[in-house]
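# Analysis of the macromolecular model
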Amino acid sequence: MLTACAFSASRPHLRKPSRDLVVPGDGFLKTYDNGLTLMVVPDPYARVVQFDVRHEVGSRDEPIGQEGVAHFVEHLMYELPSKGPGTTTLYAEARARSVAFNAYTALDETHYQYTGISEQLPTYVEHTAKRLNFDCGAIDDAALEQVTEIIRNELRERRGTSSMQVRDQIVAAIYPEEHPYHHSEADYERLDSLTWHQLCTFATEHYTTDRTTIVVTGNVDPLAVLELTNQTLEPLPAKESDPRTAIPEFELPVGRVSLESPVSSPSALVVFQMPRRFTEDYVATQVAATGIEISLETVINRDRGNNDRWDFTFSSWLGGKEAPVWAIAVEPDEDTSLDDAVDEVLEVLEHGGKMNPTTGSYDRIRQIRRLQLVDELASISTRSKAYADYLEEGDTPGFVGAELAAIDTLDEQEIQAAWRDVFSRDRAMLIELTPTEDPGRVQIDPEPFAYDPTRHERLYLPDDIGADEANRPLEVVEIAPPDLDLVAYRTSNGMRVVLAASSQFPVMHTQLMVGAGTAHSRRHPETAKLAMDLYRVHARESAKVLRQFFNAGGVYSRSMDAYSTTYRAQGLSIYLDFILAGLSDRILQAQYSNDGFDQWKKTARVLAENPKIAAALRRRQLLLSSLYGEGHPLARSPGGPKDIKKVRGVPVNRFRSRYFRAPNATLVVTGNFDMALATDHIEAGFGKPRNTNQFTVWNRRMDYTTPEIPPISPHWGRTLTQVDDDRVQTEVQLIYPMDSVYGRRHAALLVLAAMLDLSVSRVREELSVSYGASAFLDRDQPSLVVTASLDSGRANEGLEALRASIIAATSADDFERRFAFARRQQMESMLLTHGDPGRLADELATAVRHEGSVNYFYALAERIAVLQPSDVVAVAHELFDHGGPITHVIGPGDSIEQIVAGLDPSTVLELPETPR
């Protein structure tokens with residue numbers, strides 16, 4: 001059983017840890033006299049700093065009748081002036097002085113996140129001090145109205161859809177009305193009733209030092225962080241908050257509940273009550289839940305097309321930390337009753353709890369859970385949040401080491417016991433969801449709003465950004481961290497290999513990328529996809545290797561785009577040999593399966609004849625054809641039933657034999673692993689694989705040239721409309737397609753995207769017509785994209801503002817300052833790659849695939865450093881001087897009508913509506 005020293009069986013929520021606790025790595029944990037807790041964990045493999053602040057206040061703390069106040073206060077904090085009355089807001093400053101920032105309000109906490117270079121740490125600390133010294137008089141009525149409108153957009157976007165309505169219904173059915181977890185995290189109807197006094201009182205009473213935890217990780221000097229916080233946060237006066245209202249004892253209402261919901265077909269949730277984290281039963285129950293997910297996915301994948309009676313659509317944690325529940329969503333086939341589908345799911349659960357320990361099944365789910373815990377820490381974007389969670393354990397948190405140790409001590413009998421006891425039929429709550437006769441959509445009428453143009457400039461550029469900076473090269477930032485060990489070479493048969501020892505956490509990410517995708521399939525894109533999918537391992541020795549891979553917790557996936565096929569394997573580094581051998585055998589030793597081909601055709605016909613899927617495929621095809629031209633390789637998407645009948649097995653085999661060869665492949669391994677050991681296993685698995693039917697093909701030299709990709713022929717200026725009355729907001733994308741984002745103009749495109757991202761932010765920050773607008777460079781579907789979710793009642797206004805912002809990005813009077821700022825931000829954003837082994841693997845593999853060199857990614861920083869304003873103007877002309885972007889609009893019918901009313905009908909293409 002789990003020991004009490006690792007996980008306390010009973011504890012008050014968020015007790016503060018002792019000051020002398022030893023934390024992971026070379027960091028420290030300190031609790032100041034004012035109650036504020038600071039944890040610092042440096043990372044020698046990171047080039048950015050992650051700064052997270054957790055305030056122990058959430059929607060569970062909201063007074064009755066003030067639902068939504070916690071979320072409102074989260075937004076209000078960003079409206080505080082950074083340097084006094086009339087100065088820029090914390091929001092604008094955070095946008096200017098971070099690579100990324102975000103915040104969320106949950107049931108139990110409010111959490112703020114900043115990612116940026118270490119030089120910006122003082123800004124993040126000062127923002128924290130501002131929130132803890134909240135000044136009720138610092139925010140004027142105009143700012144309050146601005147925040148109200150932004151939140152309206154967010155609530156329409158997040159809570160106006162049918163899926164969120166269903167979620168609200170489910171949560172309300174699980175928790176009794178008086179329970180703090182019963183109501184939603186945000187409530188649109190309550191928004192207008194909140195008074196300034198209520199907001200101010202809530203902020204000052206709950207944002208206190210004794211309820212605040214700060215976690216800093218990444219490229220930081222612990223002593224420098226300590227000195228900074230000693231100066232800024234230690235002097236804050238202690239404000240002891242009132243004890244939080246205790247969460248009452250909760251028992252899941254076992255039995256059946258029927259709800260009429262805006263769902264498209266009958267479905268159900270099977271709900272189980274879960275133990276709180278860090279209690280004695282949690283680890284075994286969590287491991288069992290992981291096993292349940294694997295069991296359900298296995299049954300679905302095994303039976304799909306043969307016995308497609310029901311689908312395990314998702315699993316989800318619901319409720320708050322003090323009374324969590326876990327739900328399994330089940331959707332039956334139209335010929336299967338809901339009761340039968342649920343019964344079959346429960347049979348899978350019962351069977352899983354009786355698995356034979358000798359099969360290794362329990363080893364697999366233990367390893368998967370270990371991998372989930374370690375991988376959460378390996379990514380810098382989720383690491384600080386994970387550490388903040390661990391600090392809620394009690395006086396002596398054991399962090400991930402204790403949780404991993406607790407998993408190690410579990411035996412099969414304990415996992416079986418948790419599986420049987422927690423996930424049994426007699427402990428389940430069944431929530432049956434039946435479609436309403438007229439689901440309609442949430443009606444949230446737009447409120448009139450006019451922004452005040454005399455308010456201070458919201459497009460904030462830091463004071464140290466001057467026009468002169470635009471005309472001189474930036475100092476080249478060293479993208480790679482000092483401790484990175486990077487090796488690139490070719491195996492004996494010509495496969496490219498990139499090894500990057502890039503993390504302090506024992507996890508490895510592996511990618512094998514083959515230079516062939518749907519663009520290489522001359523007649524049918526399905527041929528390339530089937531070459532990826534229809535090969536199975538049959539040899540006994542290879543099947544044994546794959547069992548070792550899965551029992552070690554290896555996670556396997558695959559994907560395809562126009563130019564490449566990518567296989568991914570992820571696992572704990574101690575199983576490096578099993579991970580690499582499993583990936584090798586899964587691909588190189590696989591054999592074509594006629595049975596698999598016949599099954600695919602059967603399943604594909606069924607899916608293609610489904611009205612929803614057929615409409616989605618048609619919409620996708622029309623969009624791609626508008627972007628790249630009819631018949632272009634980039635515009636290929638799966639066809640309908642008639643096209644499927646034409647696909648034959650011989651072209652599939654020919655495709656794989658032609659392209660799946662070592663000289664046409666790149667293997668990338670990132671994370672924390674032994675480089676010498678990896679080199680040996682790579683040569684054994686990929687350089688000199690065992691002699692099978694694939695051996696002579698894999699080792700054979702390339703005897704063909706890559707097919708030439710024709711120029712694209714976009715329908716510039718076209719607007720594609722899609723009516724979806726389930727949506728409350730109107731989703732808009734303005735897309736500028738291109739042949740490729742790589743090559744001579746890549747650096748300029750990245751900076752142009754950053755300039756557009758800054759410019760279109762006014763749609764939120766000035767007009768408040770959207771919760772958020774952004775611009776980004778899409779390298780998989782080569783294009784520059786501007787996107788926003790707009791208030792449907794003001795969609796025309798928002799769309800015009802987006803178009804005007806695009807023009808302003810390269811024509812405004814302060815163009816050179818915008819350019820200098822965007823170039824600086826883009827340089828800093830490249831540093832983020834080294835904070836996540838998975839992201840680094842993506843970048844390195846893509847660079848090698850498209851440019852042939854691992855150095856491309858690092859050379860890109862040098863290109864950005866010397867970029868000139870004229871370079872960005874040139875690529876902007878290449879994209880913008882064609883009569884306008886391809887515009888994709890999805891929203892309710894009345895909003896679509898308003899948008900197309902002023903357009904030339906010849907430029908409008910109506911896409912198939914979304915069926916209910």
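In the block above lies the structure referred to throughout.
Residues numbered from 1 in each chain as written. Predicted model: local features only at pLDDT ≥ 70, side-chain atom pairs only at ≥ 80, totals over all residues. Heavy atoms only, no water.

## Structural notes on the pairing of strand 23 (residues 783–790)
Cut-off, in case you're wondering: Note on classification: 1.4 Å probe, protein chains only; a residue is buried when its accessible area is under 20% of the maximum for its type, exposed when over 50%, partly exposed between these limits. Numbering of helices and strands starts at the N terminus; helices are DSSP runs of H or I of at least 4 residues and strands are runs of E of at least 2. Pairing between strands is defined by DSSP: at least two bridges between the two strands are required.
For strand 23, the tally of buried residues reaches seven of eight residues, placing the bulk of the element in the interior. Pairing geometry for strand 21 (residues 730–737) and strand 23, over eight bridges, is antiparallel. Note on strand 23: the bridge partner recorded for Gln733 is Thr787. Count of turn residues in the strand 22 (residues 770–778)/strand 23 antiparallel hairpin: four residues.

## Re the pattern of salt bridges
Opposite charge on two side chains allows them to pair when their charged atoms are near. Test applied: When a carboxyl oxygen of Asp or Glu is within 4 Å of a side-chain nitrogen of Lys or Arg, the pair counts as a salt bridge.
All told, the structure shown has 38 salt bridges when counted by the stated rule. A salt bridge links Lys321 to Asp389; the nearest nitrogen and oxygen atoms lie 3.4 Å apart. Of this pair, Lys321 sits in the loop between strand 9 (310–318) and strand 10 (325–332) while Asp389 sits in helix 11 (residues 380–390), placing them 68 residues apart in sequence. Owing to a relative accessible area of 25%, Lys321 belongs among the partly exposed residues under this scheme. For Asp389, a relative accessible area of 9% corresponds to the buried category.

## Things to note about the sheet that holds strand 8 (residues 267–273)
What counts here: Angles shown run from 0 to 180 degrees and are taken between the N-to-C directions of axes, each axis being a line fitted to C-alpha atoms and, for helices, limited to the stretch in contact.
Reading across the sheet, the five strands line up as 7-11-8-10-9 and stay open at both edges, with mixed pairing between neighbours. With partners counted over all chains shown, the strands left at the sheet margins are strand 7 (255–261) and strand 9, one partner each. In this sheet, adjacent strand axes meet at a mean angle of 20 degrees when their direction is disregarded. One ladder, built from six bridges, connects strand 8 with strand 10; its direction is antiparallel. Pairing of Leu269 across the sheet is with Ala329, part of strand 10.

## Points about the environment of Ser626
Applicable threshold: Residues are treated as being in contact if the distance between any of their heavy atoms lies within 4.5 Å. Polar contact is defined as a pair of N or O atoms within 3.5 Å, subject to the rule that within protein one atom must be able to donate a hydrogen and the other to accept it, and that residues adjacent in sequence are counted only when both atoms are side-chain atoms.
With respect to the helices and strands, the residue Ser626 is situated in helix 18 (residues 611–628). Overall, Ser626 belongs to the buried group, its relative accessible area being 0%. Sequence separation between Ser626 and Gly891 is 265 residues; the distance between their C-alpha atoms is 19 Å. Dropping the residues within four chain positions of it, Ser626 is found in contact with Pro714, His715, Arg718, Leu720, Ile886 and Leu909. A distance of 2.9 Å separates the side chain of Ser626 from the backbone oxygen of Leu622, its partner in a polar contact.

## A word on the environment of Ala418
Position of Ala418 relative to the elements: it lies in helix 13 (residues 412–422). Note on Ala418: relative accessible area 9%, which makes it buried. Ala418 sits 386 residues away from Tyr32 along the chain, and the two C-alpha atoms are 40 Å apart. Excluding residues within four positions of it along the chain, Ala418 makes contact with Ala284, Thr285, Ala288 and Phe423.

## Looking at the side chain of Glu393
What counts, and what does not: By the counting scheme adopted, Arg and Lys are positive, Glu and Asp are negative, and His together with the chain ends is not counted.
Relative to the assigned elements, Glu393 resides in the loop between helix 11 and helix 12 (399–409). At 7.6 Å, Arg277 is the nearest oppositely charged side chain to Glu393, a buried residue that forms no salt bridge. Within polar-contact distance, the side chain of Glu393 engages the backbone nitrogen of Gly398 at 3.0 Å.

## Some remarks on the sheet that holds strand 14 (residues 507–514)
On the basis of which strands lie adjacent, the open sheet formed by six strands has the order 12-13-19-14-17-16 and mixed pairing. Edge positions in the open sheet fall to strand 12 (485–490) and strand 16 (555–560), since each of these has one partner strand only. Neighbour-to-neighbour, the strand axes of this sheet turn through a mean angle of 10 degrees, independent of strand direction. The pairing of strand 12 with strand 13 (residues 496–501) spans six bridges and is classified as antiparallel. Looking at strand 13, one finds that Ala488 is bridged to Val498. Helix 21 (residues 675–687) contacts strand 12, strand 13, strand 14 and strand 19 (665–671) of the sheet and is inclined by roughly 155 degrees relative to strand 13.

## Description of the pairing of strand 24 (residues 886–891)
Most of strand 24 sits inside the fold, with six of its six residues counted as buried. Of the two faces of strand 24, both are covered, the one formed by Ile886, His888 and Ile890 as well as the one formed by Thr887, Val889 and Gly891. Summarising the sheet, strand 20 (residues 719–723) and strand 24 pair through five bridges and their orientation is parallel. Residue Thr719 lies in a different strand from strand 24, and its bridge partner there is Thr887. Pairing geometry for strand 21 and strand 24, over five bridges, is antiparallel. Opposite Gln733, over in strand 24, you have His888 as the bridge partner.

## Description of the packing of helix 1 (residues 69–77) against helix 6 (residues 196–206)
The description of two helices packed together rests on the angle between their axes and the distance between the axes. Counted only if it meets this: Working rule for angles: under 35 degrees goes down as roughly parallel, over 145 as roughly antiparallel, 65 to 115 as roughly perpendicular, anything else as oblique.
Packing of helix 1 against helix 6 brings their axes to within 10 Å, and their N-to-C directions diverge by 80 degrees. The angle between the axes of helix 1 and helix 6 places the two elements in the roughly perpendicular class. Contacts from Val69, Ala70, Phe72, Val73, Leu76 and Met77 of helix 1 reach helix 6 at Trp196, Gln198, Leu199, Phe202 and Ala203.

## Brief notes about the packing of aromatic side chains
Basically, it comes down to this: Any two of the Phe, Tyr and Trp rings considered here, Trp counted by its six-membered ring, make a pair once their centres fall within 6.5 Å; the pair's planes then place it as stacked at under 30 degrees, edge-to-face at over 60, or tilted in between.
Tallying each qualifying case throughout the model produces 25 aromatic pairs. Ring geometry for Tyr78 against Phe101: centres 5.9 Å apart, planes inclined by 65 degrees, an arrangement best described as edge-to-face. On the criterion of sequence distance, the pair formed by Tyr78 in the loop between helix 1 and helix 2 (90–96) and Phe101 in strand 4 (residues 100–105) is long-range, its members being 23 residues apart. Using a relative accessible area of 7% as the deciding quantity, one classes Tyr78 as buried. With a relative accessible area of 21%, Phe101 lands in the partly exposed category. Plain terms: the ring middles of Phe278 and Tyr390 are 6.1 Å apart, the flat faces sit at 45 degrees to each other, and that makes the pair tilted.

## Some details on the nonpolar core
Rules: By convention a nonpolar core is built from buried Ala, Val, Leu, Ile, Met, Phe, Trp, Tyr and Cys residues, the set being connected through side-chain atoms within 4.5 Å.
Ranked by size, the top nonpolar core spans 106 residues in total, and within it Trp310, Leu349, Phe423 and Met495 carry the most contacts. Element by element, the count of residues in this core is highest for helix 8 (residues 282–303), at eleven residues. In this structure, Trp310 is in contact with Leu296, Val299, Ile300, Val330, Glu331, Pro332, Asp333, Ala341, Glu344, Val345 and Val348, ignoring residues within four places of it in sequence. Grouped together as the second largest cluster of nonpolar side chains are 85 residues, Tyr742, Leu767, Ile806 and Ala820 included.

## A short note on the packing of helix 27 (residues 837–851) against helix 28 (residues 855–865)
Selection rule: When residues are sorted by character, Ala, Val, Leu, Ile, Met, Phe, Trp, Tyr, Cys and Pro go into the nonpolar class, Asp, Glu, Lys and Arg into the charged class, and all the rest, Gly among them, into the polar class.
The N-to-C vectors of helix 27 and helix 28 enclose an angle of 90 degrees; their axes lie 7 Å apart at closest approach. The angle between helix 27 and helix 28 falls in the class roughly perpendicular. Between helix 27 and helix 28, the contacting residues are Leu840, Glu843, Leu844, Ala847 and Glu851 on the first element and Tyr856, Phe857 and Tyr858 on the second. A per-class count over the contact of helix 27 with helix 28 returns six nonpolar, no polar and two charged.

## Notes on the state of the cysteines
Filter applied, for reference: Disulfides are defined as cysteine sulfur pairs within 2.5 Å.
Evaluation of the coordinates by the stated rule reveals one disulfide. Here Cys136 engages in a disulfide with Cys200; their sulfurs sit 1.4 Å apart. Negative torsions about the S-S bond denote left-handed disulfides, and the value of about 65 degrees found for Cys136 with Cys200 makes this one right-handed. In this pair, Cys136 sits in the loop between helix 3 (121–132) and helix 4 (141–159) while Cys200 sits in helix 6, placing the two residues 64 residues apart along the sequence. On the basis of relative accessible area, Cys136 is assigned to the partly exposed category, the value being 22%.

## What about the side chain of Ser82?
Here Ser82 lies in the loop between helix 1 and helix 2. Once you skip the residues sitting within four places of it in the chain, Ser82 turns out to touch Thr87, Thr88, Thr89, Leu90, Glu93 and Lys130.

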